[in-house]
Amino acid sequence: MALLTGSNRINIAVFISGTGSNLNSLIKFSKLKKSPIIIKMIISNNYKAKGLQFANIYKIKKKVFDFKNTLSEKKVIYELKKNDIHFICLAGFMKILSRSFIKNFKGKIINIHPSLLPKYKGLNTYEKAIKNKDKYSGCTVHFVNSKLDSGKIINQKKVKINKFDTPETLAKRILIQEHKLYPAAIIKALSL
Ligand code: GAR
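Since we're looking at a predicted model, the values are computed, not measured.

*Asks:* How would you explain helix α3 (residues 70-82) if you had to name every residue and give the values?
*Replies:* Taking 1.5 Å per residue, 13 residues should reach 18 Å; α3 reaches 18 Å between its end C-alpha atoms and fits that length. Where α3 is concerned, the buried positions are S72, E73, V76, I77, E79 and L80. Viewed along the axis of α3, the buried residues span an arc of 165°, placing them on a single side of the element. Opposite the buried face of α3, at more than 90 degrees from it, the exposed residues are L71, K74 and Y78.

*Asks:* Tell me what's going on with the site of the ligand, and back it up with residues and numbers.
*Replies:* Within the structure, the ligand sits among T19, G20, S21, N22, G92, M94, I112, H113, P114, Y126, L175 and E178. A distance of 2.6 Å is found between an oxygen atom of the ligand and a side-chain nitrogen or oxygen belonging to S21. One of the backbone nitrogen or oxygen atoms of N22 is found 2.9 Å away from an oxygen atom of the ligand. A total of 450 Å² of accessible area belongs to the ligand in isolation, and the protein chains cover 86% of it. Going through the elements one at a time, α1 (21-30), β5 (109-113) and α6 (167-190) are the ones with two or more residues in the shell around the ligand. Split into classes, the residues belonging to the shell around the ligand amount to five nonpolar, six polar and one charged.

*Asks:* Please set out the nonpolar core residue by residue, giving values where relevant.
*Replies:* Among the nonpolar cores identified, the biggest contains 39 residues, and V14, C89, I110, Y182 and I186 are the most heavily contacted of them. When residues in this core are grouped by element, the largest group, nine residues, is from α6. With residues up to four places along the chain from it excluded, the contact list for C89 reads I12, A13, V14, F15, L26, I110, Y182 and I186. By size, the runner-up hydrophobic cluster in this structure holds 19 residues, among which are M41, F67, L97 and I102.

*Asks:* Before we move on, can you summarise α6 with the specific residues and values?
*Replies:* With 24 residues, α6 ought to run about 34 Å at 1.5 Å a step, and its terminal C-alpha atoms sit 33 Å apart, in line with that. Of all the bends in α6, the greatest, near 30°, is centred on E178. Buried within α6 we find L170, A171, I174, Q177, E178, L181, Y182, P183, A185, I186, A189 and L190.

About the cut-offs
Residues numbered from 1 in each chain as written. Predicted model: local features only at pLDDT ≥ 70, side-chain atom pairs only at ≥ 80, totals over all residues. Heavy atoms only, no water. Helix = DSSP H or I, 4+ residues; strand = E, 2+ residues; numbered from the N terminus. Expected span 1.5 Å × (residues − 1). Buried < 20%, exposed > 50% of the residue type's maximum accessible area, 1.4 Å probe, protein only. Arc of directions from axis to C-beta. Near = heavy atom within 4 Å. Polar contact = N/O pair within 3.5 Å; in protein donor to acceptor, adjacent residues only side chain to side chain. Areas by Shrake-Rupley, 256 points an atom, 1.4 Å probe, with all protein chains shown as cover. Nonpolar A, V, L, I, M, F, W, Y, C, P; charged D, E, K, R; others polar. Core = buried A, V, L, I, M, F, W, Y, C linked by side-chain atoms within 4.5 Å. Contact = heavy atoms within 4.5 Å. Bend = angle between axes of the 7 residues up to and from the residue.

Written as structure tokens, this is what we have:
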């Protein structure tokens, strides 16, 4: 069922582990007049995550949990429900969520991944694409299910791999595309 009806906005939480450049782009997207989302919470498994600074800058509630066991996840679920969160965006969140966590937000968790899924699930996607002499890499936004990087694909963007690309140069170009792809994916996911 589409979450988006009429002009209402959806309360979302963004989960991060690191720099938070995707979070920053989603915050900017949330501030557009016709944006369908309100970012109500930023959640992290890493209290040193650089991206947590955006919580302070934009006055968004932030919480850190270790996500190490079911109890920790239960606390996250409690917090999300308490804050009326209806949709979760994983943005560089490097923890695998349990089956039971996902069940609590069935069809309402999406993730961005730096490869053209189903190719190169998991880590080191840039290295793998370069090593295999792929012509293209890119990024994918997909629904999260209990298998790693395997849920239904929402959208993708191809990025050409150049002859002299290193994992770092490729990552930089893909990230620029991620910042455009994620907002578009949210609009699509909310209207499905
Ligand atoms: C992004 O490239 C994102 O696709 C990737 O981590 C980076 C986070 O950057 N996510 C994954 O690898 C998840 N499997 P950011 O913190 O600057 O948004």
